[in-house]
Amino acid sequence: MPRSLICELAGGRDGIRAGIPLTVFLFLALAVPGCRFGSSSPAGEYAGSWKEPDQSTVSMTLTLEADGKAVMQRTVRWPDGRTEADSWESEYRVGEDQVLVGSEGKVYAVFRRQGNALLDQRHFVEGKPIRLERIAAKSRS
């Protein structure tokens, strides 16, 4: 490809045309639902459920508050009708594409952000990471 054509495709020698596609990209990233920058707030409620090898069904809800508080609720149901539930509170912080949940210098869970979901890549079910889907944005108080 001739050098002059490459320069034109890349935005010309003066770079003025290169700014137009960047402006369009930024507009689309802000205007199109689902396009979010890594620094956007993950605050909201996430839920998921899965079947464990012992045939129990686990349901989990994770609520991330805008102030950095995390609340996890877990319910386990076995085929014989037994049920167990627990919950805990902690803190979270947002990394580049991760949400780290923990407190007092300990990290309890690391979720990778993927669209409107959080993936726990440390815990797998049937070879796939546990997935918590966003079910509601946390309203501001």
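Draft legend 1. The arrangement of the overall build of the chain in detail. Scanning the chain from terminus to terminus reveals 2 helices and 8 strands. Going from N to C terminus, the chain has its helices and strands arranged as α-α-β-β-β-β-β-β-β-β. Put simply, the chain has 141 residues, and 28% of those count as buried. By sequence separation, contacts in the chain at least 24 residues apart represent 26% of the contacts at least 6 residues apart. Counting every atom, the chain has about 9900 Å² of accessible surface; 53% of that belongs to carbon and sulfur.

Draft legend 2. Here's a closer look at the confidence of the model for the chain. Scored by pLDDT, the chain comes out at a mean of 77, with 68% of its residues at no less than 70. Across residues 1–39, confidence stays below pLDDT 50; counting only partners more than four residues off in sequence or on other chains, it has 19 contacts.

Draft legend 3. Region of interest: the nonpolar core. Judged by nonpolar contacts, the single largest core of 20 residues is most densely connected at L62, L64, F111 and L132. Those elements that place two or more of their residues in this core are β1 (44–51), β2 (57–64), β3 (69–77), β5 (98–103), β6 (106–114), β7 (117–125) and β8 (128–136). The element best represented in this core is β2, accounting for 4 residues.

Draft legend 4. Seen up close, the pattern of salt bridges. Taken as a whole and judged by the stated rule, the model has 5 salt bridges. A salt bridge links E89 to K69; its shortest N-O distance comes to 3.5 Å. Of this pair, E89 sits in strand β4 (residues 83–94) while K69 sits in strand β3, placing them 20 residues apart in sequence. The exposure class of E89 is exposed, given its relative accessible area of 56%. A relative accessible area of 33% means that K69 is categorised as partly exposed. A salt bridge links D80 to R82, with the shortest nitrogen-to-oxygen separation between them at 2.9 Å. Here the salt bridges do not stand alone but share partners, grouping R74, E84 and D86 into one network.

Draft legend 5. Structural context of the environment of S87. Relative to the helices and strands, S87 is located in strand β4. S87 gets classed as exposed once you look at its relative accessible area, which sits at 51%. Sequence-distant contacts of S87, defined by excluding residues within four places in its chain, comprise M72 and Q73.

Draft legend 6. Quick look at the environment of L64. Assignment of secondary structure puts L64 in strand β2. Taking C-alpha positions, L64 is 9.5 Å from V101, a pair spaced 37 residues apart along the chain.

Draft legend 7. Quick peek at the pairing of β3. Pairing of β2 with β3 involves 8 bridges; the strand directions are antiparallel. In the strand pairing of β3, M60 is matched with R74. With antiparallel pairing between neighbouring strands as the criterion, β2 and β3 make up a hairpin whose turn holds 4 residues, including G68 at a positive phi of roughly 95 degrees. Of the strand pairs in this sheet, β3 and β4 are connected by 9 bridges, and their pairing is antiparallel. By the bridge assignment, R74 is partnered in β4 with D86. The hairpin turn running from β3 into β4, its antiparallel successor, is 5 residues long, and G81 in that turn takes a positive phi close to 100 degrees.

Basis of the calculations
- Residues numbered from 1 in each chain as written.
- Predicted model: local features only at pLDDT ≥ 70, side-chain atom pairs only at ≥ 80, totals over all residues.
- Heavy atoms only, no water.
- Helix = DSSP H or I, 4+ residues; strand = E, 2+ residues; numbered from the N terminus.
- Buried < 20%, exposed > 50% of the residue type's maximum accessible area, 1.4 Å probe, protein only.
- Contact = heavy atoms within 4.5 Å.
- Areas by Shrake-Rupley, 256 points an atom, 1.4 Å probe, with all protein chains shown as cover.
- pLDDT = per-residue confidence, 0-100.
- Core = buried A, V, L, I, M, F, W, Y, C linked by side-chain atoms within 4.5 Å.
- Salt bridge = Lys/Arg side-chain N within 4 Å of Asp/Glu carboxyl O.
- Pairing = 2+ DSSP bridges.

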